[in-house]
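What follows is each chain in one-letter form.
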Amino acid sequence: SQKRHLRLHLGPCRFLVRSDRRLLRRVLQNLISNALRYTARGGVVVGVRPRGRSLRLDVVDSGIGIASDKLPRAFEEFQRVGAG
């Protein structure tokens, strides 16, 4: 992302997570790489917040987002909803 001068900020995290390491890595890689791919300028912030006994993972970017009519399908397995 050097060409576009994007910023990637990883927030601090002091939490211990029990998870499938490979699956968690794949999910994070996918979310972060998509955020970077569809962000023309600005940046991406990755953070973790406690939610009761669970954790919430946020990947926030300044990209164009997903069209509202595509949102219902966005998190279905093996879906590609396209840009915009």
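Counting starts from 1 at the beginning of each chain's written sequence and moves along it residue by residue. Only residues with pLDDT of at least 70 are given local features in this predicted model, and only at 80 or more are side-chain atom pairs given and counted; all residues enter the totals for whole chains, interfaces and linings. Side-chain measures here rest on the full set of heavy atoms in the structure, leaving out hydrogens and waters.

Enquirer: How would you summarise the side chain of Asp-58 if you had to cite specific residues and measurements?
Expert: In this description a helix means any DSSP run of H or I spanning at least four residues, a strand means any run of E spanning at least two, and both kinds are numbered starting from the N terminus. Mapped onto the fold, Asp-58 is located in strand β3 (residues 54-61). For the purposes of these results, a polar contact is taken to be a pair of N or O atoms within 3.5 Å, where, inside protein, one atom must be able to donate a hydrogen and its partner to accept one; residues adjacent in sequence count only when each atom of the pair is a side-chain atom. Here the side chain of Asp-58 touches Arg-49 through a polar contact of 2.9 Å, side chain to side chain. Of note is the side chain of Asp-58, whose polar atom sits 2.6 Å from the side chain of Arg-56. Other than its neighbours up to four places away in sequence, Asp-58 contacts Val-45, Val-46, Gly-47 and Arg-49. The criterion used for residue contact is that any of the two residues' heavy atoms lie within 4.5 Å.

Enquirer: Give me the lowdown on the sheet that holds strand β1 (residues 7-10), citing residues and values where you can.
Expert: Within a sheet, neighbouring strands are paired by backbone hydrogen bonds and run either parallel or antiparallel to one another. Spatial strand order, β1-β2-β3: three strands in an open sheet with mixed pairing. The sheet terminates laterally at β1 and β3, the two strands that pair on one side only. On average, adjacent strands in this sheet sit at an angle of 15° to one another, irrespective of strand direction. When DSSP locates at least two bridges between a pair of strands, those strands are taken to pair. As paired elements, strand β2 (residues 43-51) and β3 share eight bridges and run antiparallel to each other. Among the inter-strand pairings, Val-46 is bridged to a residue of β3, identified as Val-59. For helices, the axis comes from a line fit to the C-alpha atoms of the stretch in contact; other axes are also lines fit to C-alpha atoms, and the angle between any two N-to-C directions lies between 0 and 180 degrees.

Enquirer: Tell me about the pattern of salt bridges, residues and numbers included.
Expert: When a carboxyl oxygen of Asp or Glu is within 4 Å of a side-chain nitrogen of Lys or Arg, the pair counts as a salt bridge. For the structure shown, the criterion picks out two salt bridges. Among the ionic pairs, Asp-58 bridges to Arg-49, the shortest N-O distance being 2.9 Å. Burial classification: accessible surface area is computed with a 1.4 Å probe over protein chains only, and a residue below 20% of its type maximum counts as buried, one above 50% as exposed, and the rest as partly exposed. Residue classification places Arg-49 among the partly exposed residues on the basis of a relative accessible area of 40%.

Enquirer: Can you break down the nonpolar core residue by residue, with the values?
Expert: Residues enter a nonpolar core if they are buried and are Ala, Val, Leu, Ile, Met, Phe, Trp, Tyr or Cys, with the set joined through side-chain atoms within 4.5 Å. Counting residues in hydrophobic clusters, the biggest one holds six residues: Leu-6, Ile-32, Ala-35, Leu-36, Val-44 and Val-46. Elements represented by at least two residues in this core include exactly α1 (21-37) and β2. Top contributing element to this core by residue count: α1, with three residues. Sequence-distant contacts of Val-46, defined by excluding residues within four places in its chain, comprise Leu-8, His-9, Leu-10, Gly-11, Ile-32, Leu-57, Asp-58 and Val-59.

Enquirer: Describe a nonpolar patch on the surface, with residues and values.
Expert: In this analysis, a patch consists of residues with relative accessible area above 30% that form no salt bridge, clustered at 9 Å for like charges and at 5 Å for the nonpolar side chains Val, Leu, Ile, Met, Phe, Trp and Tyr. Here the open area of atoms and residues is found with the Shrake-Rupley method and a 1.4 Å probe, where only the protein chains shown may cover a residue. Nonpolar side chains collect at one region of the surface, where Leu-23, Val-27, Leu-31, Leu-57 and Phe-75 lie side by side and expose about 460 Å² of accessible area between them. For the nonpolar patch, the leading source of residues is α1, giving three residues.

Enquirer: Describe the layout of surface pockets, and please don't skip the residues or the numbers.
Expert: A cavity, in this analysis, means grid points on a 1 Å lattice covering only the protein atoms where a 1.4 Å probe fits yet has no way out; a pocket is instead an open set bounded by protein on both sides within 12 Å along at least five of seven lines, and a residue lines either one if it has an atom within 4 Å of a point. Grid points are joined across faces, edges and corners, and a volume is the space filled by probe spheres set on the points. The calculated volume of the second largest pocket comes to roughly 370 Å³. Around the second largest pocket, the lining is made up of 14 residues, and of these Cys-13, Leu-24, Leu-28, Val-48 and Leu-57 lie nearest the centre. Those elements that provide at least two residues to the lining of the second largest pocket are α1, β2 and β3. Side-chain classes follow a simple rule in which Ala, Val, Leu, Ile, Met, Phe, Trp, Tyr, Cys and Pro form the nonpolar group, Asp, Glu, Lys and Arg form the charged group, and the remainder, Gly included, forms the polar group. Residues that form the lining of the second largest pocket fall into these classes: eleven nonpolar, two polar and one charged.

Geometric descriptors of this kind do not, in isolation, establish any biological role.
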